[in-house]
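Here are the chains, one letter per residue:
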Amino acid sequence: MAFNHLPAAMHDALGPLSATPVTHSVPMATNHGPGRPPESGDSRPSPSTVLDRLTAGAGRAARITHTEHLPPRAGRHAVWPDRIRPEVINAIQLAGVDHPWAHQAAAAEHALDGESVVIATGTASGKSLAYLAPVLSTLLEGSEAPNGRGTTALYLSPTKALAADQRRAVKALAAPLGNSVRPAVYDGDTPVEEREWVRQYANYVLTNPDMLHRGILPAHPRWASFLRSLRYVVIDECHTYRGVFGSHVAQVLRRLRRVCARYGSDPVFLLASATAAEPASAAGRLTGLPVHEVADDASPRGEVVFALWEPPLTELHGEKGAPVRRTATAETADILTDLTLQDVRSVAFVRSRRGAELISVIAQERLAEVDRSLVRRVAAYRGGYLPEERRALERALHSGELLGLAATTALELGIDVSGLDAVVIAGYPGTRASLWQQAGRAGRAGQGALAILVARDDPLDTFLVHHPEALFQQPVESTVLDPDNPYVLAPHLCAAAAELPLTEDDLALFGPAVPGLLPQLVTAGLLRRRTTGWYWTRRERAADLADIRGEGGRPVQIVEAGTGRLLGTVDEAASHTAVHDGAVHLHQGRTYLVKHLDLADSVALVEEATPPYSTTARDTTAISVLETDTEIPWGGGRLCYGSVEVTNQVVSFLRRRLITGEVLGESKLDLPPRTLRTRAVWWTVTEDQLDAARVNPEQLGGALHAAEHASIGMLPLFATCDRRDIGGVSVPLHPDTLLPTVFVYDGHPGGAGFAERAFHTAREWLTATREAIASCECEAGCPSCIQSPKCGNGNEPLHKRAAVRLLGELLRSAPPQAEPAEPPDLPRPRTAEAGAEVTG
């Protein structure tokens, strides 16, 4: 029997809500409007004072496991390069910036020299101005050219909200330049009647990789004038382009460069990133170009107080009698409530859409008990809202009308919210880079800031709040992406051929895997080989072959059955777990029950209801080895890396009582299985190793299963992945290895680089896994170490002590580090293959 764990949509059912918000008779903090720095005599309390008030309630101080104090930092000024137009410098000074920081001037110098550059500095360090100064100067010069349109620039962001926010900023900054700079957003929300104007007249177009892939590049003849004049391509928040999404974006950028060359332009790429390891290398993989890096942050920073917060154990017991901690959702809702009552402007980041809704609802209910007028000061912000809903929330956030916001990472990526006092992070966001990006949203006007990481009840969060050195004494991660992934590359070659026939001269642009892949595309009938190159000859759109977000099909629409009203959407890949028949769905604080999920029409019909429970989907997974690319001995066992095929099926869902998390029942589901070909790391153990570890046959399945759960939970500490990006399977006797085996695999077709990273860091990764299990205070296993609420086998069997002994024996004979993996042979592309669901 195979025991499995495939992470699903983040479930954080509400724990006991016994703790009540702590109110204080203190002066309220002054709320400065967006972008306004604190004035002299500001009554805003210090971060330490805010934290002291939060922990004043009974038992709350004990929840803080560590407090890190980051001292303020002075800034270092420079002067703008003399090639920046004086009109632009004057506009910047009118905006309140007399002199640039040193890193801003350095990045602008590279841009003006025609050198692609990545600026990788902290949140609120002025990265936007670093690229806007040369871009605006060049656009101003272009507007004076006699050839009409002049110079153009393209801005790419990972979210629509960020592009809209940047347009507002550019429009305000460039106002003194008159009509020389004409910024315009071009995305899926842009009205049809405005799109022609954007194509013909805008010289600074703000869009996203999705629109570039599906809208602009396939229609490049209509963009000929813009592309012919393209001087700069700005890629904002480039650290988010990782894994499969990053690999897709890398190929979209190569297609852009190829089409630009067709029109005679060779744009310079200007990239902005959160602090990251080896930013120039990552930017080079993304763009396919040599990129200079500017990573010395010269901006000032106020005092930062960063607290690690572990919710307390409750008297309740979960599966197999395991102790249950109060959930991060309930704890974060209480903290957000208290911060709102203190008039502290705050954002609570949560990893799931459902979690954002729950935190908002709980905080509003608590605030209503104190002052009903405060209810409208708190809201939720997440993906899946309709465009008009998103825009209204963004306006309220900018105006200061909202005091507290429960948000998904859609807000992490850059809506410029100045004047925030505190950030609460409900669960480790997956990478240190993302953690600091979220924490940096507070203190954006240079004032002090409070950041709180509230641990979820899982192995990684528990490990981190008790090992603060893993957060505060380690560098941020390198960005992992693989543009040569054949499942990524194949559809982009088809899209490129549809844009312009591929020639021999184009092959080097798309990478070394192309020569081996093109014959397979010809054999599959996707391309046709002629003497002049490779052609797309099908009637359908080639761009539709590539789903760059890895969402696996068109979104499922969530429709209210009685009215036909569209409530929102959910990714097709997440629909099996999020909107299956009987699922509880939250939207804008209202609760709905899913009456029917119609996969054929991509519609989930819902009805408003008030069930006293939440739902969690469960699934089963089987795995087979397709090819082993490399393996090394670990004593008698082996550590391997290669290609696998995963079959996953959602089979049931649990109903959990809202207040206690108690399981009320399980209902079966009849959903089709999904098949995924991907990359995996796996390790085997022998009979001798089991004997040495004192693991008998009755304990073996539980030991492997426990090690699998915990190792999945710990991998995000070593690879730039989220737990939703990976899955796992453990088998006491696997038919392909003929040994007890644990697999951890990438949850995307063709792989995403995370399993390969796990292979290279296996010794450190599994050492941390063993420590996380061994140091947990529970007796037989709990969600903090080896249990998973998503486990398709109901967390049965699990054996905590046997897992510790087994991992110890495995590590005793492990080499210092894994040898590099050999490049894999290219599998035949399966462009229509649906990925297994990996959502949390």
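What you see is a predicted model, and the numbers here were worked out from it, not measured in a lab.

**Q** Quick rundown of the pairing of strand S13 (residues 346-350)? Include the residues and the values.
**A** Counting buried residues along S13, five of its five residues qualify, which places the element largely inside the surrounding structure. Both faces of S13 are covered, namely the face carrying Ser 346, Ala 348 and Val 350 and the face carrying Val 347 and Phe 349. For S13 and strand S15 (residues 404-407), the ladder comprises four bridges, and the chain directions are parallel. Bridge pairing links Ser 346 to Gly 404 in S15.

**Q** Requested: an account of the nonpolar core, with residues and values cited.
**A** The biggest cluster of nonpolar side chains holds 86 residues, and the ones touching the most others in it are Phe 306, Trp 634, Trp 683, Leu 715 and Trp 765. The element contributing the most residues to this core is helix H23 (residues 697-714), with eight residues. Here Trp 765 is in contact with Val 681, Ser 711, Met 714, Leu 715, Phe 718, Val 744 and Ala 758, once residues within four sequence places are set aside. By size, the runner-up hydrophobic cluster in this structure holds 39 residues, among which are Leu 154, Ala 224, Ala 250 and Leu 500.

**Q** Lay out the environment of Phe 510 with the relevant residues and their values.
**A** Tracing the backbone shows Phe 510 in helix H19 (residues 507-510). On the basis of relative accessible area, Phe 510 is assigned to the buried category, the value being 1%. Not counting chain neighbours up to four residues away, the residues in contact with Phe 510 comprise Gln 251, Arg 254, Arg 255, Arg 258, Asp 484, Leu 489, Leu 493, Ala 496 and Leu 502.

**Q** Lay out the sheet that holds strand S4 (residues 152-156) in plain terms, naming residues and giving numbers.
**A** Ordered in space as S5-S6-S4-S7-S8-S3-S9, the seven strands form an open sheet in which the pairing is parallel. Whereas interior strands pair on both sides, the edge strands pair on one side only; in this sheet they are strand S5 (183-185) and strand S9 (292-294). The average undirected angle you get between the axes of adjacent strands in this sheet is 20°. With four bridges connecting them, strand S3 (residues 117-120) and strand S8 (residues 268-273) associate as parallel partners. Bridge assignment links Ile 119 to a residue of S8, and that residue is Ala 272. Helix H5 (residues 160-173) rests against S4, S5 and strand S6 (204-207) of the sheet, and its axis sits at about 165° to S5.

**Q** So what's going on with the side chain of Thr 121? Residues and values would help.
**A** Assignment of secondary structure puts Thr 121 in the loop between S3 and helix H4 (127-143). For Thr 121, the side chain forms a polar contact with the side chain of Ser 125, separated by 2.5 Å. With residues up to four places along the chain from it excluded, the contact list for Thr 121 reads His 103, Lys 127, Ser 273, Ala 274, Thr 275, Val 294, Ala 295, Asp 296 and Asp 297.

**Q** Break down the packing of helix H9 (residues 243-262) against helix H18 (residues 486-499) for me, citing the residues and quoting the values.
**A** Close contact between H9 and H18 brings their axes to 10 Å; oriented N to C, the two are set at 20°. Classed by the angle they form, the pair H9 and H18 counts as roughly parallel. Once H9 is placed against H18, the crossing between them reads as right-handed. Between H9 and H18, the contacting residues are Val 244, Ser 247, His 248, Gln 251, Val 252, Arg 255, Arg 258 and Val 259 on the first element and Val 488, Leu 489, His 492, Ala 495, Ala 496 and Glu 499 on the second. Of the residues in the contact of H9 with H18, the class split is seven nonpolar, four polar and three charged.

**Q** Requested: an account of the pattern of salt bridges, with residues and values cited.
**A** Close approach of charged atoms allows side chains with opposite charge to pair. Considering all chains together, one arrives at 34 salt bridges under this definition. Its salt-bridge partner being Glu 109, residue Arg 83 comes within 2.5 Å of it at the nearest N-O pair. Remark: Glu 109 occurs in helix H3 (residues 102-112) and Arg 83 occurs in the loop between strand S2 (64-70) and helix H2 (86-94); sequence separation between them is 26 residues. Relative accessible area serves as the criterion here: at 35%, Arg 83 is assigned to the partly exposed category. In this structure, Glu 631 and Arg 638 form a salt bridge, with 3.1 Å as the shortest nitrogen-oxygen distance. Owing to a relative accessible area of 30%, Arg 638 belongs among the partly exposed residues under this scheme.

**Q** How would you summarise the sheet that holds S2 if you had to cite specific residues and measurements?
**A** A sheet is described by the order of its strands in space; here seven strands give the open sequence S2-S10-S17-S16-S13-S15-S14, paired in mixed fashion. The open sheet terminates on both sides in strands that have one partner only, identified here as S2 and strand S14 (378-381). On average, each strand axis in the sheet is tilted by 15° relative to the strand beside it, whichever way the strands run. Strands in contact with helix H12 (residues 353-370) are S13, S14, S15 and strand S16 (422-426); relative to S14, the strand with the most contacts, it is inclined by about 175°.

**Q** Tell me about the packing of aromatic side chains, residues and numbers included.
**A** A ring pair, where both rings are aromatic, is described by two values, the distance of the centres and the angle of the planes. Per the stated rule, a full pass over the model turns up 11 aromatic pairs. Aromatic pair Trp 197 and Tyr 201: ring centres 6.0 Å apart, planes at 40°, arrangement tilted. Of this pair, Trp 197 and Tyr 201 are both found in helix H6 (residues 192-201), four residues apart, which corresponds to roughly one turn of the helix. Of the residues examined, Trp 197 reaches a relative accessible area of 41% and is grouped as partly exposed. The interplanar angle of 70° and the centroid separation of 5.4 Å between the aromatic rings of Phe 306 and Phe 472 together place this pair among those described as edge-to-face. Taken together, the residues Phe 306 in strand S10 (residues 304-309) and Phe 472 in helix H17 (residues 469-472) connect sequence positions 166 residues apart. Judged by its relative accessible area of 0%, Phe 306 falls in the buried class. Judged by its relative accessible area of 16%, Phe 472 is buried. Of the aromatic side chains, those joined through ring pairs into one cluster are Tyr 131, Tyr 155 and Tyr 204.

The rules we used
Residues numbered from 1 in each chain as written. Predicted model: local features only at pLDDT ≥ 70, side-chain atom pairs only at ≥ 80, totals over all residues. Heavy atoms only, no water. Buried < 20%, exposed > 50% of the residue type's maximum accessible area, 1.4 Å probe, protein only. Helix = DSSP H or I, 4+ residues; strand = E, 2+ residues; numbered from the N terminus. Pairing = 2+ DSSP bridges. Core = buried A, V, L, I, M, F, W, Y, C linked by side-chain atoms within 4.5 Å. Contact = heavy atoms within 4.5 Å. Axes fitted to C-alpha atoms, helices over the stretch in contact; angles between N-to-C directions. Polar contact = N/O pair within 3.5 Å; in protein donor to acceptor, adjacent residues only side chain to side chain. Parallel < 35°, antiparallel > 145°, perpendicular 65-115°, else oblique. Left-handed = near helix turned anticlockwise from the far one by under 90°. Nonpolar A, V, L, I, M, F, W, Y, C, P; charged D, E, K, R; others polar. Salt bridge = Lys/Arg side-chain N within 4 Å of Asp/Glu carboxyl O. Phe/Tyr/Trp six-rings, centres within 6.5 Å; stacked < 30°, edge-to-face > 60°.

Purely geometric numbers; function is a separate question.
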